[in-house]
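Remarks on the overall topology
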Amino acid sequence: MTEKKRYTDEELLEFKELISQKLVKAKKDYETLKAVISNSSGNDIEDTSPTFKVLEEGASVLSKEEAGRLAQRQAKFISHLEAALIRIENKNYGICRETGNLISKERLRAVPHATLSIAAKNKQV
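Residues numbered from 1 in each chain as written. Predicted model: local features only at pLDDT ≥ 70, side-chain atom pairs only at ≥ 80, totals over all residues. Heavy atoms only, no water.

**A word on the overall build of the chain**
For the record, the criterion: Secondary structure elements are defined from DSSP: runs of H or I of at least 4 residues count as helices, runs of E of at least 2 residues count as strands, and each element is numbered from the N terminus. With a 1.4 Å probe rolled over the protein chains alone, any residue whose accessible area is under 20% of its type maximum counts as buried; one over 50% counts as exposed, and the rest are partly exposed. Whether two residues touch is decided by their heavy atoms; if any such pair falls within 4.5 Å, the residues are in contact. All accessible-area figures derive from a Shrake-Rupley calculation using a 1.4 Å probe, and residue coverage is judged against the displayed protein chains alone.
A tally of helices and strands in the chain yields 4 helices and 0 strands. In the chain, which comprises 125 residues, the share counted as buried stands at 23%. When contacts within the chain are restricted to residue pairs at least 6 apart in sequence, those whose partners lie at least 24 apart make up 66%. Roughly 8,800 Å² of accessible area belongs to the chain as shown, and the carbon and sulfur atoms make up 55% of that amount.

**Concerning the UniProt feature "zinc finger region: dksA C4-type" (unreviewed entry) in the chain**
Here is the rule we go by: UniProt positions are given in the numbering used here, feature names are shortened, and annotations may be inferred rather than shown by experiment.
UniProt records the feature "zinc finger region: dksA C4-type" (unreviewed entry) at residues 96–120, using the numbering of this structure. Helix makes up 36% of residues 96–120 and strand makes up 0%, while its end C-alpha atoms are separated by 8 Å.

**A closer look at the side chain of Gln-74**
With respect to the helices, strands and loops of the structure, Gln-74 is situated in helix α2 (residues 50–89). When sequence neighbours within four positions are dropped, the list of residues in contact with Gln-74 reads Ala-26, Asp-29, Tyr-30 and Leu-33.

**Some remarks on the packing of aromatic side chains**
Operational definition: Planes of paired rings set the category: under 30 degrees apart is stacked, over 60 is edge-to-face and the rest tilted, where pairs are Phe, Tyr or Trp rings (Trp by its six-membered ring) whose centres lie within 6.5 Å.
Evaluated as defined, the whole model comprises 2 aromatic pairs. When the centroid spacing of 5.2 Å and the interplanar angle of 50° are considered together, the rings of Phe-15 and Tyr-93 count as tilted. Taken together, the positions of Phe-15 in helix α1 (residues 9–38) and Tyr-93 in the loop between α2 and α3 (105–110) put the pair 78 residues apart, joining distant regions of the chain. Relative accessible area serves as the criterion here: at 0%, Tyr-93 is assigned to the buried category. An aromatic cluster is built from Tyr-7, Phe-15 and Tyr-93, whose rings are joined through pairwise contacts.

**Observations regarding unusual backbone geometry**
Located in the positive-phi region is Lys-91, a residue other than glycine, with phi close to 65°. By the secondary structure assignment, Lys-91 is in the loop between α2 and α3. Since its relative accessible area comes to 36%, Lys-91 is described here as partly exposed.

**Side note on the pattern of salt bridges**
To be explicit about the condition: Salt bridges are identified by distance alone: a Lys or Arg side-chain nitrogen within 4 Å of an Asp or Glu carboxyl oxygen.
One pass over the full model with this rule turns up 9 salt bridges. Notably, a salt bridge pairs Glu-89 with Lys-16, separated by 2.8 Å at the nearest N-O pair. Here Lys-16 lies in helix α1 and Glu-89 lies in helix α2, a separation of 73 residues in the sequence. Lys-16 gets classed as partly exposed once you look at its relative accessible area, which sits at 31%. The salt bridge involving Lys-25 is made with Asp-29; its shortest N-O contact spans 2.9 Å. Note that Lys-25 and Asp-29 are positioned in helix α1 at a spacing of 4 residues, about one turn of the helix. Among the ionic contacts, a cluster of salt bridges with common partners joins Arg-6, Asp-9 and Lys-91.

**Considering the side chain of Arg-87**
Heads up, the rule is: The convention is simple: Lys and Arg are positive, Asp and Glu are negative, and His and the chain ends are not counted. Here a polar contact means two N or O atoms within 3.5 Å. Within protein one must be a hydrogen donor candidate and the other an acceptor candidate, and residues neighboring in sequence count only if both atoms are side-chain atoms.
With respect to the element layout, Arg-87 can be found in helix α2. In this structure, Arg-87 is buried with no salt-bridge partner, the nearest side chain bearing the opposite charge being Glu-82 at 11 Å. Looking at Arg-87, its side chain comes within polar contact range of the main-chain oxygen of His-113, at 3.2 Å. When residues no more than four places from it in sequence are discounted, the contact partners of Arg-87 are Asn-92, Tyr-93, His-113, Ala-114 and Thr-115.

And the structure:
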C-alpha cells in the first residue's frame, strides 16, 4: 500500500469545521482586545479623585500595552487560521512544508494552522 499523500475531502472538511470554530472565537477575542485598547467601554478615570488618578493612569497604560501585545498575537493567529483555510481549499492542508509528508491528525487538531510535522519542527530547534 502506498503512503497517503494528502487528506481526503472528508478529513479536510473536519479540519475546516475545527478551524472555522477557532476563527470565530479568535475574532471575538480580538474585538474584545481592541475594545480594551480603545477604551470603548467607558470605564475610565475621569470621575475619580485626583489622588487615585495618577495610579490608575499608570495601570491603564500598562494594561493597554499588554492588550496591544495580545491583540497583535491574536491578529497573527487569525491570519494563520485563514491561511490554513486557503490550504484546505487548495487541498494541500496538512502536508509538511519541509518533508512533504502528512502532518499527524493529532498535531493538526492541537495546532490546526501547523505547516510542519513534529519531526521537522524538532529539527528547527
